[in-house]
Structures are given as structure tokens and as C-alpha cells.
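Results of the structural survey
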Amino acid sequence: MLTALEVRRLPTRADRNRALLGHVKSSMPANPLAPKRRPRRRHPKMLPDGARPGLVEVVNAARDAMVVTWLSDTSLRIGGLCGLHLADLHLREDAACGECKSPHLHVCHRWGNTNRAAAKIKPDWQMVDGTVTGGEIYRVSPAMISTYFAYMTTEYAKHATGHGMLLIQLAGPNIGEPWTADAARGMLRRAGRRAELPGRITPKAFRHQFTNDVLDASGGDPLVAKAAGDWASMQMLDEVYGHPDLHSPEFTEALKTVWGEEE
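Let us look at the structure shown here.

Quick notes on the rules
Residues numbered from 1 in each chain as written. Predicted model: local features only at pLDDT ≥ 70, side-chain atom pairs only at ≥ 80, totals over all residues. Heavy atoms only, no water. Helix = DSSP H or I, 4+ residues; strand = E, 2+ residues; numbered from the N terminus. Buried < 20%, exposed > 50% of the residue type's maximum accessible area, 1.4 Å probe, protein only. Contact = heavy atoms within 4.5 Å. Polar contact = N/O pair within 3.5 Å; in protein donor to acceptor, adjacent residues only side chain to side chain. Salt bridge = Lys/Arg side-chain N within 4 Å of Asp/Glu carboxyl O.

**Topic: the overall build of the protein**
Along its length, the protein carries eleven helices and seven strands. Here the protein, with 263 residues, has 44% of them falling under the buried criterion. By sequence separation, contacts in the protein at least 24 residues apart represent 57% of the contacts at least 6 residues apart.

Below, the structure written as C-alpha cells:
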């Protein structure tokens, strides 16, 4: 038994700094019974390693799993997500709006949402013959569509009150009413604690993570990352180089890589 516990590991920089002649050490004693290290946070603005599967595993509702998936597979801000109406979702090919051939959604700034959730960016949008056009357009992954239908056919179908907004409260005196952005933040914070993830899980971290992943998958192309992440801070690139084609092979392959669809 004691022999099984006599294992070695490679020394870390901290081990070498603490030990006399540490630079010549080639191994250190290791305890195989020691608890595993918690996931690390690579950058304060990024999600910890394994955040998405860890959160999906511990959430308590189909709605919450959908929120984690939608924040992971797009750069949606939490105000825009909680402000979505069902009419904003065009989750099929060649939707009637004619603005994007692939499944997508429109984030439209509305002042009158009862949950006070509103999009940060305010491009023009309108409803034409029952179809939303304009606003911020985000392409949608297959995983997003799958979690949407799981939520709509279970929790939404039981509790929705006819207001037409996507995210609803599932418990309490206001069950069925629109869900607030603060409530969504609280859900992510509590799920992060249950999943034992380091730091505080915030919606903005998903946005940074998605943009970083797209940038890596596109070979470091900032134009593709800017378009996929819908970032407005790269003013010079926007004015000089314009917008990349949302249906270009590079853009599509980058999204599929981030969405885990590469064969």
C-alpha cells in the first residue's frame, strides 16, 4: 500500500524557487490522493476551462441550459438576450426577412419591455407583414436551436402568459412573466458556484470567450472575429476594410469550429 503512494511528478517553477539548488531537480514527490486542481481561469475576462459543460451539468432548468448555450455560441449581451421576443427568432434556412440565409436572430432595441431588458446597440429595425427586419443579426448554431425547442416544448409551453418574450420566470408569484437580466446573472453566478468554477461567472465573459475562440479558429483574422462578435470598438477596421461576408467560407468554417461541428 505504501509503495503505491510513492509516486513522483515534475517540479514546478514554485518548487524550484523554494528548494536549495532547485534548478537541478528533475522530479518531486507527489500525493496521488490529493484532490484534483480546480479549473483555472486563463484571463480575468475569459471563462474558466470547462465552464460550458460544467454549467450545463448543474443548471436546474431547460431555460437555463438554453441561456448557457446561447451565450456560449454567440456574443449576445445579456440585455439583448433577455429582451428577445419570439418574433425576433428566425431559426430556419431562408427566413422571410431575407437578411441572412442561415438560421439567425434579430436583437432589436425596445424601450417598453416589461422586464426592462434592452439591447445595448440600437440599429434601426421594423416589423414588416409580421416579420422582423433590421436590428443586430446573429447567426444561430444547431445546439442553440436544439436547446430552444427543448425549452419551448416543456417549460415555456406550461407557463408562458402570452406576452411574446422568449425568457420567462419559472417559479414564484410572477411565474410566466418575462425574466430579467439580473435574474439571469444570478442564475449563472449560482451555477458557477455549484460547478466549483473559479471566479464569478458573468454573461460578459461568454462574449469575450466567443470572440477569442472565433479569432483562434479563423487564424487570427480580426475582421471575422469582429463580425462574429459584433464588436463596435474596431472603428478603423470597420471604416477602412468594411464588413466581411457573413456567408464566406472562412466565416462559416470559423463558426462551425467554435460550435464543435468540425469532423
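Picking up after the structure, the text goes on.
**A look at the side chain of threonine 74**
Relative to the elements of secondary structure, threonine 74 occurs in the loop between α4 (62-73) and α5 (78-82). On the basis of relative accessibility, which here comes to 1%, the residue threonine 74 falls in the buried class. A polar atom in the side chain of threonine 74 sits 3.2 Å from the backbone nitrogen of leucine 76.

**Side note on the environment of glycine 80**
Here glycine 80 lies in helix α5. When the C-alpha positions of glycine 80 and glutamate 136 are compared, they lie 9.4 Å apart, and in sequence the two are 56 residues distant. Once you skip the residues sitting within four places of it in the chain, glycine 80 turns out to touch Val107, Ala118 and Ala119.

**Some thoughts on the pattern of salt bridges**
When charged atoms on two side chains of opposite charge get close, those side chains can pair. Scanning the entire structure with this criterion turns up five salt bridges. Across the pair aspartate 64 and arginine 63 runs a salt bridge, and its minimum N-O distance is 2.8 Å. The class of aspartate 64 is buried, set by a relative accessible area of 6%. A salt bridge links arginine 77 to glutamate 136, with the nearest nitrogen and oxygen atoms 3.7 Å apart. Remark: glutamate 136 occurs in strand β7 (residues 136-139) and arginine 77 occurs in the loop between α4 and α5; sequence separation between them is 59 residues.

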